[in-house]
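Coordinates in review
Residue-level listing of the chains:
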Amino acid sequence: MRAISSMKDGQHPILGNAKVLYFLMAALIITDWMVPSYFGIHIGFDFTVTRILNIIIVAYFIYNRRVGNHFMKSILEVQITPFISMYMFVMVYTTVLRVNINTFFLNFLDILTFYMVFYGIRYVVGLKRVINWTIIIAYFFGIYGMIEYVLKFSPMVRYMLTLSMSVKMYYRSGQYRIMGPCLHSIGYGMMLFFLIAIACVDYEKDEVYLFKRPVLLCLLILNVFLTGSRGTLGIAVLEIMLIILFTRGERRKRTFFFLLVAAAGFGVFLLAVYNTSLGRYIMVQITSVIDEVFGTSLAVNYGADVTWLEQSSDYRTLLPKIFQVEWLNPLLGKGANAHITFAIDGRYLKSIDNYYVALYIRYSYPGLITAVLIHAASIFHMMRTGLKYKSGLSILCGISIFVYTISLYWVDYLMTTRYMYIIIAMYAVLYAERYLELDRANRKKKRIKKI
C-alpha cells in the first residue's frame, strides 16, 4: 500500500483503492443512515449492524497497523476532539463510580463510529460521493415515509425489529405517525432536519439554495407533516427560514419567487385534500403549531385532542425543575441506565422528554456542560467557516446542528446522535480538505505582522 502521507481532493481519497476498507467504510456510512438501531443480533449484548461493523473495522486496523496508526492520528484533525475528550472523561469516572459499564460503552461506541465515519469519508470514500449517497438516502426515506403513511404501519418495525427494544407505532388524533428508521416519530423528525439541510446544498459551488432539489425538499417537508409532531414542524419551519437567510445573491431572489409558487401549490393541494383524513391531519399539524405559539385553539376544529396537547406542554414545563431536586448529586450522575420517577408540583414525572434534563440526571453538570460544548463548538466552527470562506455546506451543517440542538429541549435524543455525528464528520472532512491550511496560513501571517 502506498504511504499515507498526503490527501488528494475529496473525489479521489488516497485510500480509495483499498477495496476491503472501502467496502467496510461504505457499509458503515450507509447503514449508519439507514438501518434501524433495533435491527441486529443479541449475544449477551445487543450487536447492532453498526456495532458489528465497528468490530470488523477495528480488526482491520489491528491487522493493518499502518492504516490503524493513521486512523488514530486522524482524530487530532477534528476541531471538536478536545470537547469530546472532556465528555468521555466524564463518562469514564461516572462508569467507575457508578459501576455501570453501559455508561461508558454507549457513548464510546457513538464516538468511535463518528471518528470511523470521518476517517472513511476523508481517506477512503470521499466527501462528494457521501453527499451523493446521502441525497439518494433522503429520496428513499422521502418515498418510504409516504408508503408508511399509506400502509398505516412501519415495515421496518414489522420486519426488522430483532432486538428487545421498546418500539411502538404511534397515532395522534386518529392519524398514524410515520417513524422511518427511528425509534419514535419525533426521532424521525429530528433525522429529517439533517436530510433537509443536505438537500439544500449545491456541492459543486459550495452554496446554499433551498430549491436545489425541489422534489426532494417537498418529499421531506411532507414527511415532517406526517410525523405528527408540532415541535418538529415548527423547528423545520425555523430551519427553512435560516436557510433562506443564508442564501446569497440572485439565488435568494429566486428562492422567494419559488416560495410563492410553492405556497400557491401547497394551497391548491390542501384544497384538494381538505375533506380527507390527510388534509385534516396536515391542518392539525399547522394549527397545533399556531396554537402553541399564540395560545389559540384552532386545532380542535380539525379533530385534534387539545386536552392531550395541553397536558403534553404542561408536562414539559415541569421537567426543568428537576435541576432543583436536592438529592441529585451535581457532580456525579446516576449513569446511562438511570430510570427515576420524580414528584414535582404534585405530578409524577417518569418520561424525561428533555435531553438536557436527562443529561443532568445521567451525568450531572459535568456531563451536561461538556455535551453542550460539543454542540456549541460544532455550530461555532461550522458557521465561522461558512461565513469566513462563504462555504454553503458548512453553513447548512451548522443550521442543522443548531435546530437539532433546539429540538432536544423538548425531547430526549431518541438514539439520533448518530445522525448529528455524520453531519459533523462531513463538515470536519470539508474543513480539513479545504480550509485548514488556509486558517494556518492566516494565523502565520498574523504572527509575522505582530513581530
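As shown above, the structure is provided for reference.
Here goes a summary of the coordinates provided. (Residues numbered from 1 in each chain as written. Predicted model: local features only at pLDDT ≥ 70, side-chain atom pairs only at ≥ 80, totals over all residues. Heavy atoms only, no water.)

**Some details on the nonpolar core**
Trp33, Phe61 and Met426 are the most contacted members of the largest nonpolar core, which has 136 residues in total. The leading source of residues in this core is helix H16 (residues 417-450), at 15 residues. Those residues within four positions of Met426 in sequence are excluded, and the remaining contacts are Trp33, Ile121, Leu127, Val130, Ile131, Thr134 and Ile198. Counting 14 residues, the second largest nonpolar core, distinct from the first, contains Leu318, Leu319, Ile344 and Val357. (Core = buried A, V, L, I, M, F, W, Y, C linked by side-chain atoms within 4.5 Å. Buried < 20%, exposed > 50% of the residue type's maximum accessible area, 1.4 Å probe, protein only. Helix = DSSP H or I, 4+ residues; strand = E, 2+ residues; numbered from the N terminus. Contact = heavy atoms within 4.5 Å.)

**Examining the packing of aromatic side chains**
Scanning the model with the defined rule gives 32 aromatic pairs in all. For the pair Phe71 and Tyr119, a centre-to-centre distance of 5.6 Å together with 90 degrees between the ring planes defines the contact as edge-to-face. Taken together, the residues Phe71 in helix H3 (residues 65-74) and Tyr119 in helix H5 (residues 101-125) connect sequence positions 48 residues apart. On the numbers, 5.4 Å between centres and 65 degrees between planes, the contact of Phe257 with Phe258 is edge-to-face. Look at Phe257 and you get exposed, because its relative accessible area is 52%. (Phe/Tyr/Trp six-rings, centres within 6.5 Å; stacked < 30°, edge-to-face > 60°.)

**Concerning the environment of Leu53**
When you line up the elements, Leu53 lands in helix H2 (residues 49-63). For Leu53, a relative accessible area of 9% gives the class buried. With 113 residues separating them in the primary sequence, Leu53 and Ser166 have C-alpha atoms 23 Å apart. Other than its neighbours up to four places away in sequence, Leu53 contacts Leu24, Ala27, Leu28 and Thr31.

**Overview of a positive patch on the surface**
A contiguous patch of positive charge, built from Arg443, Lys444, Lys445, Lys446, Arg447, Lys449 and Lys450, is present on the exposed surface. Position of Arg447 among the secondary structure elements: in helix H16. Its relative accessible area of 52% is what places Arg447 among the exposed residues. (Patch = residues over 30% accessible without salt bridge, like charges linked within 9 Å, V, L, I, M, F, W, Y side chains within 5 Å. Areas by Shrake-Rupley, 256 points an atom, 1.4 Å probe, with all protein chains shown as cover. Salt bridge = Lys/Arg side-chain N within 4 Å of Asp/Glu carboxyl O. Lys, Arg positive; Asp, Glu negative; His and termini not counted. Charge placed at Lys NZ, Arg CZ, Asp CG, Glu CD.)

**Topic: the pattern of salt bridges**
A full pass over the atoms with the stated rule returns 12 salt bridges. For the salt bridge of Glu207 with Arg251, the shortest nitrogen-to-oxygen distance reads 3.3 Å. One end of the pair, Glu207, is in strand E6 (residues 207-208); the other, Arg251, is in helix H11 (residues 250-273), and 44 residues separate them in sequence. A residue is classified by how much of its surface remains accessible, and Arg251, at 9% relative accessible area, is buried. Its salt-bridge partner being Asp412, residue Arg362 comes within 2.5 Å of it at the nearest N-O pair. Here Asp412 lies in the loop between helix H15 (392-407) and H16 and Arg362 lies in helix H14 (residues 355-389), a separation of 50 residues in the sequence. Taken individually, Arg362 and Asp412 each receive the classification buried, so the pair is uniform in this respect. Taken together, the salt bridges that share partners define one network made up of Asp202, Glu207, Lys212, Arg248 and Arg251.

**A word on the side chain of Ser185**
Here Ser185 shows up in helix H8 (residues 185-199). There is a polar contact of 3.3 Å between the side chain of Ser185 and the backbone oxygen of Arg177. Leaving out residues up to four positions away in the same chain, Ser185 has contacts with Tyr170, Arg177, Ile178, Met179 and Thr227. (Polar contact = N/O pair within 3.5 Å; in protein donor to acceptor, adjacent residues only side chain to side chain.)

Distances and angles like these do not, on their own, reveal function.
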